[in-house]
Amino acid sequence: MGCIAVTAIAALCAGVTMRGDAAVLGWMVAISLGAAGLLVQIVVEARRFGSDLRAARQIAANPRPLGPIASAVRAREQRMLRHELLGAVELASALDESAHHAPLGSPRLALDYIADVVERLHAPDVEPGRALPSPRWRLRAYALVALGLGIAAASTGPLADGLGLLLAGVDGRPKTPPEPVWAALRLHLEYPPHTQRPGRDLPNPSGALRVPAGTVIQLDMDARQPAAAARVIVTYDAEELSAAPAPEVLPLTSQDETGLQWSGAFTVRSTGTWMVVLLDDERDAVDEASRRSAALALQEEPDRPPEVELLPLPESQREVRETDGVELRFLARDDFGLQSAALVYQLPDGTTHRIPIASPGGEQRRWRKAHDWDISEIPVTERSEVLYWIEVRDNDPGLGLTPLPDPPGKLSRSATQHLLVRDDEAEHATNIVRLRDIRDLAVDQLAARMTTRAFPRTMPASAPEPPPPPPIPVRAALSRDLLHRGGQLLARLAEAIDALSMDALARERDVATLTAIHKRLAALHRTELELHAKLPQRSEHRDPDAAAAALLRLREHNREEIVQLEDEIIRLDDLVDTQIIERLEGLVARLEATQRKLVELLEQLQAGDDSVRPLIEQLEQRRREDMRRIAEARAMLRKEVESEFMNLDAFAVLERLQQQEQLSEMLRRGDVDQALEQARGELGELQELRDQVQERLGERDEGPEISPEERARMKLLRELSRLQDEQTNLRSQTRKLHEHWRDAVSERTAETSEREAAQSEAKALREALEEINDARLGRDARRGLDDAKDALEQLEKLGGSESASALELAETADQAARALQRAAEGAEGAEREGKEVRRARDRATRLGERLDGALPAPAELLEADDLVELQRLGERQGGLRMQAKELLDDPVADQLPAPGRKAMRQADRSMERSADRLGRRRPGQAVDPESQAWQGLQEAIDSLRRGSPPPPPAASGDASTETERDRSLRDALMEAMREHPPAGYDEPVQRYYEELLR
């Protein structure tokens, strides 16, 4: 217990003084001295007294009785016996000592006395042990428990700390920091460019530096003592102990001859420490003996991957046609800035395509983007489920120790969403094949009815003797087989009617024609069913006469079936031909639209926009798919009508397109100009091909199959397409002149007053827009409002940047004004929110005009030839407007549906604005109205294509011109077969159908 107490005292001293090294020495000395003293005392007592003498003394000194006390006399005897016991023990000890020395007294008498005392101690009522003192274990136990509780209570204080220091034997006092090697230290933090942070000065830093990776720290140091050389040691923390990076030792440069001023720089690449070391000799190595500063901590500020959220489409837009467009909206955020974004979609076969999304000017930390996805760029077949998502990259250049997994930047992707795309053209082609199969099935049924042996024939007297008819059971089975074939034909017709009813490219009158065919054949089929009800199963065996009479009635009905099937086959054949021709017309128009988009993208590529390369590759793949489908339609057309529809040489342009060098090869070699020239030439040839197809359709007016209304519709379609082509060329040339002006003013830096005015006005406008309750606006208005907020936020940032150009300010303000214009068009005029949106639009328009006025006018910068071209474009735009008005006043415009007329009026207003701005020599302001005019013409064309076609002419009946020319051959052949049927007539019948279906 004493050792425990000494240890606790020593630990407490060590905890208070934090000197474990000194306390352990005192503790060891105290323990050693205590142990030595105890050992000496034990030895001395053992030699001097022994154990019996000590017990006798304790019995003599203890007043307790030696046993039960029977009387007072016995108590006195026991007290005397205690002293006699002590005397006997001492006498025995003296006898032992006298054995080695001179004898003491009479040994005999001493032994008798000792024996007498021993005899009395063995008396029944004497117990010498009762006189011994009680053991002190309870007191010691209480002391030990108290000592343990005290130690436990002090386990969290100095005692616990001191015990650890005592056992370790170390000095726990904090080390005295080394004497600073500098008298003054100045740091300048130069952040990486991608962080968009200004530099920062830190005088005499003392704590940790938290900076992004790639930050350059420039230091200027005034040393306390001169040195011959100075170094900066940067030690980075290891991600794994086995792969610790080596410290970086960077020299400092002396700024004077005294060796007191030093400067240098180092780059932070990860978390770690840095220190400054001074050397007395440049050749000395850095070691522990060098004068070094305290290690200062470096903390890497993390650059996390970007976040992107793709907003889901409305339920009504999750299934689209391949000619539609989808507006995708997404939000993206990053710590320091976003670099690029792309739309990625995956087809059912697993192939993945990427469409770059134009990023706003400058590197922003937050994007709120809307991307118009043209579904016609997707190479889909029939109904396909497309998976799509958004990928964004930040601007992290990878300046840390750990390399980026997929540089440049860190890539993040949004959640995957589904889109069901319907390829109407592929579904329409399938329906045409289905119609052709139904026609062939009807031809087979007609041949079966004409050549059947189920019914006896009426032969003239001069005819040779016909072969005997089969037995009645065989004839009954053959007649039931004809009935079954008729049911199959009707079922196929019903399926085709359902498919054409859902076919977006099929006309209503085609469905009506097919429905009428089904109705007439169904009526005959019901009559045949009634006749077969009189010829039940096995009745030919039970009552042959009744079965023969029923077969005679069925023979008369079979003749009606043959006549009706002949007419319906002609109608089906004409329907198939019409469907193929219209499909061919639509495919040629679709190929022309694809080629026009390809030319526009090549023009953007020529202007320096490399982000359109993936779109060009996808459009080229789309064009190859369109050409394949045109070749398929041409093959079907040749099989049906051979070369009667049009001269097949007109399609030679398609063969040349297939044989010409692919655009991708030219773009890979960098021949952008050659690729653009070739694409423009191909577009012109495709326009001529489409005109030939439409003219050939219009030239069929000599036949009764094309009504005047249909010819007017085709003429209107050709004129609208021609106007759209002219508008496309006009827009392309205007954009080129605008790019010339942009190149001339792009380097002009905005004035400080303009930037401050733009920043303050953009901030005020954005705050005003935040106050508008967008829940009371329509969907289009809300989207326009969001786009305006983004543009104003970007304008506010540009206003705070000293390097912002005047052109960037003006274009961003115009972008905000256009977005607010869309919001105003989608808002209710009488509502308070609509009025606020219109006021914000007017403010944004005035701001844009003010910033535009700070730029030089195109007339001041463009060359004389460009100005002449600009004037000519204005005149052309005015001429196109007059042509559009004349076309709208022409009687052929009666075929234009109401949505088409509305689109034409919008196109007229856009043409007027474009002509006015071209006349004022503002090509940049004319580009948007020209695009709106082009879009209006496209909407008019689409409405004309989607609208109900004119009714068929009354004089045409249901037969085509080609089949009318074959009617004389059909009548002659039928008459010959009825009057003089040959013995084997399979070959003439086959020849008849071949001629019939040409």
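Placed above this text is the structure.
Residues numbered from 1 in each chain as written. Predicted model: local features only at pLDDT ≥ 70, side-chain atom pairs only at ≥ 80, totals over all residues. Heavy atoms only, no water.

On to the pattern of salt bridges. Counted according to the given criterion, the structure contains 38 salt bridges. Ionic pairing is found between Asp222 and Arg186, a salt bridge with its closest N-O pair at 3.5 Å. Here the residue Asp222 occupies a position in strand E4 (residues 216-223), and Arg186 occupies one in strand E1 (residues 182-190), the gap between them amounting to 36 residues. The exposure class assigned to Asp222 is partly exposed, which follows from its relative accessible area of 22%. Arg186 sits in the partly exposed class, given a relative accessible area of 37%. The residue Glu556 makes a salt bridge to Arg555 at a minimum N-O spacing of 3.9 Å. Judged by relative accessible area, Glu556 falls into the partly exposed class, the value being 39%. (Salt bridge = Lys/Arg side-chain N within 4 Å of Asp/Glu carboxyl O. Helix = DSSP H or I, 4+ residues; strand = E, 2+ residues; numbered from the N terminus. Buried < 20%, exposed > 50% of the residue type's maximum accessible area, 1.4 Å probe, protein only.)

Time to look at the packing of aromatic side chains. What the rule picks out here adds up to three aromatic pairs. Residues Phe266 and Trp274 carry aromatic rings whose centres are separated by 5.5 Å and whose planes lie at 35 degrees to one another, so their mutual orientation is tilted. An identical accessibility class is assigned to Phe266 and Trp274; each is buried. Judged by centre distance (5.6 Å) and plane angle (40 degrees), the rings of Tyr345 and Trp373 are tilted. Within this pair, whereas Tyr345 is found in strand E15 (residues 338-346), its partner Trp373 is found in strand E17 (residues 366-374), the two being separated by 28 residues in sequence. There is no split in this pair, since Tyr345 and Trp373 are both buried. Each member of the aromatic cluster is reached from another via a ring pair, and the members are Tyr345, Trp373 and Tyr388. Here the guanidinium or amino end of Arg197 rests over the ring plane of Tyr191, the centre of that ring lying 5.5 Å away. Seen from the ring of Trp934, Arg731 lies directly overhead, with NZ or CZ sitting 5.3 Å from the centre. (Phe/Tyr/Trp six-rings, centres within 6.5 Å; stacked < 30°, edge-to-face > 60°. Lys NZ or Arg CZ within 6 Å of the ring centre and 35° of its normal.)

It is worth spelling out helix H18 (residues 752-770) at this point. The terminal C-alpha atoms of H18 lie 27 Å apart, and with 19 residues this matches the ideal 27 Å at 1.5 Å per residue to within 8%. Along H18, the residues that are buried comprise Glu754, Arg755, Ala757, Ala758, Ala762, Leu765 and Leu769. Considered in projection along H18, the buried side chains sweep an arc of 160 degrees and stay on one side of the axis. In this structure, the buried residues of H18 make contact with helix H19 (779-799), helix H20 (806-825) and helix H21 (832-853). (Expected span 1.5 Å × (residues − 1). Arc of directions from axis to C-beta. Contact = heavy atoms within 4.5 Å.)

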